[in-house]
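Now for the letters of each chain:
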Amino acid sequence: MSFCAIAYAVVGNKHEEIEEKTVSLKDKVVLITGGGSGIGADAAQAFYTAGAKVVLNGRREDLLSQTAAKIDPTGKNIAYVAGDLITSLAVEKFGGVDILFNNAGVFQPQPFLEHTQTDLNGYLNLLRGYFLMSQSAIKVMQKRGGGAIINIGSMWAFNAIAATPCSGSSTAKGGVGASALPYLK
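Residues numbered from 1 in each chain as written. Predicted model: local features only at pLDDT ≥ 70, side-chain atom pairs only at ≥ 80, totals over all residues. Heavy atoms only, no water.

Trainee: Explain the overall build of the protein here, please?
Mentor: For the protein, the count of helices and strands is five helices and seven strands. Secondary structure elements of the protein occur, N-terminal to C-terminal, as β-β-β-α-β-α-β-α-β-α-β-α. Across the 185 residues of the protein, 34% fall into the buried class. Within the protein, contacts between residues separated by at least 24 positions form 60% of all contacts whose residues are at least 6 apart in sequence. Element-wise, carbon and sulfur atoms account for 57% of the exposed surface of the protein, whose accessible area totals about 10,800 Å². (Helix = DSSP H or I, 4+ residues; strand = E, 2+ residues; numbered from the N terminus. Buried < 20%, exposed > 50% of the residue type's maximum accessible area, 1.4 Å probe, protein only. Contact = heavy atoms within 4.5 Å. Areas by Shrake-Rupley, 256 points an atom, 1.4 Å probe, with all protein chains shown as cover.)

Set out below in structure tokens:
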């Protein structure tokens, strides 16, 4: 099975199509942060169905275990870890990393003036995770000749909506978009 990938450059709020090509995911190793539920779990299922080996990461081991068992009951082509050792687990179990799907997220709408330093630190820790996970994955990808990083952001990083005040989340997800630019160099 293959999928069609379209790469986009983000210039302000405009997305310009760069390239379109079809690639196979058979036996590719995919790391997914925030993989226990939602977008991460759905992405894991899609990558697995396309023939990839999947490593899930998140904070809740119970969700990761359930998601992994649902996707691949044999456990042959899926692994999971709660915590920070996701890259080493991928190398140990599957021999490397081809794709990082940075998807971890927290969304708790709250007015700007009600955010505490603790709230902001939580969001900035999320950004820190994207950054450090990308560094770790790139080092492993380079040994295999390259790879791909998919950072899941949020429309709220660029467009505030009064009905869902989320300046803390927007700050972190805006940083995710900005931190991806050095990967291109």
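Let's pick the thread back up.
Trainee: Is there a simple way to explain unusual backbone geometry in this structure?
Mentor: Most of the time, phi is negative for any residue but glycine, and the peptide bond is trans. Even without being glycine, Asp27 reaches a positive phi, approximately 65°. Assessed through its relative accessible area of 41%, Asp27 is described here as partly exposed.

Trainee: What is the right way to read the pattern of salt bridges from this model?
Mentor: Throughout the structure, instances matching the rule amount to four salt bridges. Among the ionic pairs, Asp27 bridges to Lys26, the shortest N-O distance being 3.7 Å. When the shortest N-O distance is used, the salt bridge between Asp98 and Arg144 registers 3.1 Å. Of this pair, Asp98 sits in the loop between helix 3 (86–94) and strand 6 (99–102) while Arg144 sits in the loop between helix 4 (117–143) and strand 7 (148–151), and the two are 46 residues apart along the sequence. For Asp98, a relative accessible area of 11% gives the class buried. We classify Arg144 as partly exposed; its relative accessible area is 37%. In this structure, a network of salt bridges that share partners links the residues Lys26, Asp27 and Lys53. (Salt bridge = Lys/Arg side-chain N within 4 Å of Asp/Glu carboxyl O.)

Trainee: What am I meant to see in the sheet that holds strand 3 (residues 29–33) here?
Mentor: Whenever strands of a sheet pair, they do so through backbone hydrogen bonds, lying parallel or antiparallel. One open sheet holds the five strands; their spatial order is 5-4-3-6-7, and the pairing between them is parallel. The sheet is open, and its two borders are formed by strand 5 (78–82) and strand 7, each paired with just one other strand. Each neighbouring strand pair of the sheet contributes to a mean axis angle of 15°, computed without reference to strand direction. As judged from the four bridges shared by strand 6 and strand 7, these two strands associate in the parallel manner. Each bridged residue has a counterpart across the sheet, and for Leu100 the counterpart in strand 7 is Ile149. (Pairing = 2+ DSSP bridges. Axes fitted to C-alpha atoms, helices over the stretch in contact; angles between N-to-C directions.)

Trainee: Looking at this structure, I do not really get the side chain of Gln110. What am I missing?
Mentor: Within the fold, Gln110 resides in the loop between strand 6 and helix 4. At a separation of 3.5 Å, a polar atom in the side chain of Gln110 contacts the side chain of Asp119. Other than its neighbours up to four places away in sequence, Gln110 contacts His115, Asp119, Pro165 and Cys166. (Polar contact = N/O pair within 3.5 Å; in protein donor to acceptor, adjacent residues only side chain to side chain.)

Trainee: Just to check I follow, could you spell out the packing of aromatic side chains for this structure?
Mentor: Here a ring pair, both rings aromatic, is described through the centre-centre distance and the interplanar angle of the planes. Per the counting criterion, the structure on display carries one aromatic pair. Between the aromatic rings of Phe47 and Phe101, the centroid separation amounts to 5.9 Å while the plane-to-plane angle is 75°, which identifies the pairing as edge-to-face. One end of the pair, Phe47, is in helix 1 (residues 38–49); the other, Phe101, is in strand 6, with 54 residues separating them in the sequence. For the pair formed by Phe47 and Phe101, the shared burial category is buried. (Phe/Tyr/Trp six-rings, centres within 6.5 Å; stacked < 30°, edge-to-face > 60°.)

Trainee: Mind showing me how you'd approach the nonpolar core here?
Mentor: Nonpolar side chains in soluble globular proteins tend to end up buried together. Ranked by internal contacts, the top residues of the largest apolar core, which has 16 residues, are Ile32, Phe47, Val54 and Leu56. Of all the secondary-structure elements, those providing two or more residues to this core are strand 3, helix 1, strand 4 (53–58), helix 2 (61–71) and strand 6. Non-local contacts of Val54, meaning those with residues more than four positions away in its chain, are made with Val30, Ile32, Ala44, Phe47, Tyr48, Asn77, Ile78, Ala79 and Phe94. Counting 15 residues, the second largest nonpolar core, distinct from the first, contains Ala79, Phe94, Val97 and Met133. (Core = buried A, V, L, I, M, F, W, Y, C linked by side-chain atoms within 4.5 Å.)

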